[in-house]
Every structure is written in C-alpha cells, then in structure tokens.
Amino acid sequence: LCTTLRSALLAAGCVEVVTPHIISADALAKMGIAADDPLADQVFWLDRSHCLRPMLAPNLYTLMRRLGRHWRRPFAIFEIGTCFRRDSRGSRHLNEFTMLNLVELGRSSAESEARLRELAALVLTAAGITDYEFQTVPSGVYGDTTDVVVDGLEVCSAALGPHPLDDAWGIVEPWVGLGFGVERLIVARDGYRNIERVGRSLSYLDGVRLSV
Ligand code: ATP
Ligand code: MG
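The model shown is predicted, which means the values in this text are computed figures rather than measured ones. (Residues numbered from 1 in each chain as written. Chains lettered and ligands numbered in written order. Predicted model: local features only at pLDDT ≥ 70, side-chain atom pairs only at ≥ 80, totals over all residues. Heavy atoms only, no water.)

Asks: Kindly report on the environment of E104, identifying the contributing residues and their values.
Replies: Locating E104 in the fold gives a position in strand β6 (residues 96-105). C-alpha separation for the pair E104 and L119, spaced 15 residues apart in sequence, amounts to 9.4 Å. Setting aside residues up to four positions removed in sequence, E104 forms contacts with P74, F75, A76, R115, L119, P174, W175 and V176. At 2.7 Å, the side chain of E104 forms a polar contact with the side chain of R107. (Helix = DSSP H or I, 4+ residues; strand = E, 2+ residues; numbered from the N terminus. Contact = heavy atoms within 4.5 Å. Polar contact = N/O pair within 3.5 Å; in protein donor to acceptor, adjacent residues only side chain to side chain.)

The structure is reproduced here in structure tokens:
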C-alpha cells in the first residue's frame, strides 16, 4: 500500500521527503506536548534529549520552513515513515506504525477546508477506500481538527493552519496537513479485526499468519 500511496501523491505533484526517526526533545517540546498530554507518556525516550519520533510533524514543519524559502506556492511535501508510541496495545494500536503525513503550504485560507477534503479523497481513493466520513473535533488550544473515520475507526487526523504552533516553527502562511495511519487504512479496507496482522511483524506477512 505504501508504494501505491507514494505513486498517487507523486503523480499529484507532491514531493516525498525522508527524515530522521530520532528527534530532539526540543523539537517535541515545540509541538506543544504538555506533560499532561496523553502523548507525553507515549514517547520512547533514548536519552534525556532524544526520542523516537511519535509523529512526523516536527520534521515536516522544519522542512516546510526551509523549502518555503525557495519554492513557489503552493507546494506539498509528504513522508511515509515509522512512528513510535507506547500505546495501549489494543486492536487498533501498534507501538510502531507507519504514518503518511502530507502538508501543503501556500494556498489561501478560503481554499483550505475544501483542499483538505480533496487531499484526503486522493489518499483514500488510492487506498481503495470509498466509504468514509469526516468528523470535526473541536480542540480548544490547537484549533479544530478533522478526522477521517471509516466504520468507526479513525484513519486520519487533519488540521489547518495558521495554527498556534506555527510561530515556534517560523511558519506564517496557511497550510493543510493530514496524518494517516497506513496500517489503519489496510485494516479499514480489508476488514481485519486486529491491526497486528498488518503491522511490522515476524508472525504475519501481508496479513497471513506464518506459523502453521
Ligand atoms: P487514536 O486516538 O486512535 O489513538 P491519535 O488521534 O492519537 O489516534 P494521531 O496523533 O491523530 O493519532 O495520528 C494520526 C493517525 O495515525 C491516526 O489517525 C491513526 O490512523 C494513526 N495512529 C496513531 N497512533 C497509532 C498507533 N499506535 N498504531 C497505529 N496507528 C496509529
Ligand atoms: Mg487523531
């Protein structure tokens, strides 16, 4: 599925980036993850100032700013890569999962909402998912986020900028960002009951159990 998603995004003119798995505590702090945030307890720390990235956003924020100095608007970048979270290992959570994070910079705010839905549709169509709904989740400090839900399963959280965090990252233009869980997309498409079947595994390959 990663290959299919990558091709669809490249065909739509998005630029792929590949960034480090290891990020700094500073970068995480700049994402505004307060001590009482559920994510704060989910971070895999390597030492006092480094962790395994729980999200792609800090790296993409940095690249958006750096590339934004040179590139014409609008432009979109995406990464498909592993993120790490100590999540309550239920049937929907993996400790390491594949995130597809797509960010577009430099369209007008008036276009943002429609563009968010358009980009979501692009990814969902490429993933072979036709039945989905958007749910807007009001979240006080960070502005509204829009989730894409398939049969009750959140497959994507998306947000629009300008955003209160932008200042810390030197971003001053509107943007649209979407973060998909690739394993969740497969679960949603193929109706698997447990996400473990489609995650990084020594026990399953393409959803098929290896032990006989
Ligand atoms: P949830 O509420 O389901 O735990 P989240 O809102 O914390 O997810 P986000 O931070 O919005 O997750 O991450 C973007 C997307 O990454 C989610 O919509 C989901 O598809 C996927 N995702 C997040 N955490 C995990 C995980 N532990 N395992 C697999 N996929 C995940
Ligand atoms: Mg979410």
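Asks: Break down the pattern of salt bridges for me, citing the residues and quoting the values.
Replies: Inspection of the entire model under this criterion finds nine salt bridges. For E104, the salt bridge goes to R115, with nearest N and O atoms at 2.8 Å. Here R115 lies in helix α4 (residues 109-126) and E104 lies in strand β6, a separation of 11 residues in the sequence. Note that E111 is salt-bridged to R107, the shortest N-O span being 3.7 Å. Since its relative accessible area comes to 35%, E111 is described here as partly exposed. You can call R107 partly exposed: its relative accessible area is 24%. (Salt bridge = Lys/Arg side-chain N within 4 Å of Asp/Glu carboxyl O. Buried < 20%, exposed > 50% of the residue type's maximum accessible area, 1.4 Å probe, protein only.)

Asks: A description of the sheet that holds strand β9 (residues 153-161) should follow, citing residues and the corresponding values.
Replies: Across the sheet, seven strands lie side by side as β1-β5-β6-β10-β9-β8-β7; this open sheet has mixed pairing. Every interior strand has two partners, whereas the edge strands, β1 (15-16) and β7 (133-137), have only one. One ladder, built from six bridges, connects β9 with strand β10 (residues 175-181); its direction is antiparallel. Looking at the pairing, A158 lines up with L178 of β10. Strands in contact with helix α3 (residues 57-68) are β5 (75-84), β6 and β10; relative to β5, the strand with the most contacts, it is inclined by about 155 degrees. (Pairing = 2+ DSSP bridges. Axes fitted to C-alpha atoms, helices over the stretch in contact; angles between N-to-C directions.)

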